[in-house]
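Chain and residue survey
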Amino acid sequence: AQSVTQLDSQVPVFEEAPVELRCNYSSSVSVYLFWYVQYPNQGLQLLLKYLSGSTLVKGINGFEAEFNKSQTSFHLRKPSVHISDTAEYFCAVSVAGGGNKLTFGTGTQLKVEL
Amino acid sequence: GAVVSQHPSRVICKSGTSVKIECRSLDFQATTMFWYRQFPKKSLMLMATSNEGSKATYEQGVEKDKFLINHASLTLSTLTVTSAHPEDSSFYICSARARIDSNQPQHFGDGTRLSIL
């Protein structure tokens with residue numbers, strides 16, 4: 001079985017500062033990795049995904065993530081955040097070729113302050 | 001891009017009634033749809049996987065008779081919460097995938113806030 005750990009439940013950051021949201025996973029087989037963002041009372045929007053190839057993945061809204069197989073991590077980064085980035089961020093994993101069933105982490109609340 | 005519409009966005013009803021939630025893929029055919037439940041300040045818990053034209057596959061601990069799922073067409077799946085009780089109050093989210101190819105990401109609806117009085 002796969003599992004996802006998001007160690008930080010909340011991350012406060014000032015506007016225009018850089019941010020990193022941490023995600024570690026556990027799996028005995030190859031996986032696909034995803035980051036989703038959820039705004040209040042809404043569903044999830046895909047930020048970016050890693051399937052294969054380049055370990056640095058660029059997504060929407062200026063976010064990027066780096067897949068590190070040796071550290072089983074997929075941390076999300078943004079060099080300069082905006083107030084509108086305030087939201088809940090979920091890291092998720094699925095088994096490669098396994099029917100796309102997602103296992104989510106517990107989420108990280110990013111709060112951008114002025 | 002791929003759009004998933006979920007309806008209603010919010011519903012309040014009395015204990016004992018049944019509630020139906022619809023999930024529609026608006027601009028693509030969804031061979032597979034997923035239903036999740038999200039508790040406050042918690043992650044998403046997969047309830048069931050629904051494939052068009054076949055019975056849904058439920059996750060362990062999810063009552064099949066309580067949460068009825070129908071995926072009658074490639075653009076519509078429904079979740080019916082039968083004889084709802086206050087403990088069924090939650091945020092329910094559906095997602096849809098365009099093809100069997102698991103490289104395709106899931107596209108999520110905006111969720112349904114269910115409150116049982």
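Presented here is a report on the structure given in the accompanying data block. Within each chain, residues carry numbers counting from 1 in the order of the written sequence. Here chains are named by letter from A upward and ligands by number from 1 upward, in the order in which they appear as written. Only residues with pLDDT of at least 70 get local features here, since the model is predicted, and only at 80 or more are side-chain atom pairs given and counted; chain-wide, interface and lining totals rely on the full set of residues. Hydrogens are left out, water is left out, and the side-chain values use all remaining heavy atoms of the structure.

As a further point, take the overall build of chain B. A count of helical and extended segments in chain B gives zero helices and 11 strands. Helix and strand labels come from DSSP, where a helix needs a run of H or I of at least four residues and a strand needs a run of E of at least two; each type is numbered from the N terminus. Taken from the N to the C terminus, the helices and strands of chain B come in the order β-β-β-β-β-β-β-β-β-β-β. Only C-alpha atoms enter the radius of gyration, while the globule expectation follows 2.2 Å times N to the 0.38, with N the number of residues. Relative to its length of 117 residues, chain B is compact, with a C-alpha radius of gyration of 13 Å against a globular reference of 13 Å. Along the first, second and third principal axes, the C-alpha set of chain B runs to 40 × 25 × 25 Å. Three labels apply to residues, based on accessible area from a 1.4 Å probe with only protein chains included: buried if under 20% of the type maximum, exposed if over 50%, partly exposed otherwise in between. Counting all 117 residues of chain B, 49% fall into the buried class. Element-wise, carbon and sulfur atoms account for 51% of the exposed surface of chain B, whose accessible area totals about 5,800 Å². Within chain B, one finds 13 positive and 10 negative side-chain charges whose respective centroids are separated by 5 Å. To measure how exposed things are, a 1.4 Å probe is used in the Shrake-Rupley method; for residues, cover is taken only from the protein chains shown. Neither His nor the chain ends contribute to the count of charged residues, in which Lys and Arg are positive and Asp and Glu negative. Where a charge lies is defined by one atom per residue type, namely NZ (Lys), CZ (Arg), CG (Asp) and CD (Glu).

Turning our eyes to something else, we now look at the environment of D27 of chain B. Mapping D27 of chain B onto the fold places it in the loop between β3 (19-25) and β4 (32-38). Taking the C-alpha atoms as reference points, D27 of chain B and S9 of chain B, separated by 18 residues in sequence, lie 20 Å from one another.

For the rest of this paragraph, the subject is the nonpolar core. Put simply, buried Ala, Val, Leu, Ile, Met, Phe, Trp, Tyr and Cys residues joined by side-chain atoms within 4.5 Å make one nonpolar core. With 28 residues, the main nonpolar core has W35, L48, L76 and Y89 of chain A as its most contacted residues. Counting only elements with at least two residues in this core, the list comes to β2 (10-14), β3 (19-21), β5 (31-38), β6 (44-50), β8 (64-68), β9 (73-78), β10 (87-95) and β12 (108-113) of chain A. Core analysis: the next-biggest nonpolar cluster, separate from the first, contains 25 residues, V11, M33, F67 and Y92 of chain B among them.

Here we take up the environment of V112 of chain A. All names here are of chain A. Mapped onto the fold, V112 is located in strand β12. In this structure V112 comes out as buried when scored by relative accessible area, which is 7%. On a C-alpha basis, the gap between V112 and E64 in space is 18 Å, while along the polypeptide they are 48 residues apart. Contact partners of V112, with chain neighbours within four places excluded, come to V13, F14, E15, V81, H82, I83, D85 and T86. By definition, residues are in contact when any of their heavy atoms lie within 4.5 Å.

It is worth spelling out the state of the cysteines at this point. What counts as a disulfide here is a pair of cysteine sulfur atoms lying within 2.5 Å. Applying the stated rule across the entire model yields two disulfides over all chains. One disulfide bridge connects C23 of chain A with C91 of chain A, the sulfur atoms lying 2.0 Å from each other. Its torsion about the S-S bond being -65 degrees, the disulfide of C23 of chain A and C91 of chain A is classed as left-handed. Here C91 of chain A lies in strand β10 and C23 of chain A lies in the loop between β3 and β4 (24-26), a separation of 68 residues in the sequence. Grouping residues by exposure puts C23 of chain A and C91 of chain A together as buried. Here C23 of chain B pairs with C94 of chain B through a disulfide, and the sulfurs are 2.0 Å apart. Its S-S torsion of about 80 degrees marks the bond between C23 of chain B and C94 of chain B as right-handed, since a negative value means left-handed. Of this pair, C23 of chain B sits in strand β3 while C94 of chain B sits in strand β9 (residues 90-97), placing them 71 residues apart in sequence. A relative accessible area of 0% means that C23 of chain B is categorised as buried. Given the relative accessible area of 0%, C94 of chain B is considered buried. With no disulfide partner, C13 of chain B has as its closest neighbouring cysteine sulfur the one in C94 of chain B, 18 Å distant.

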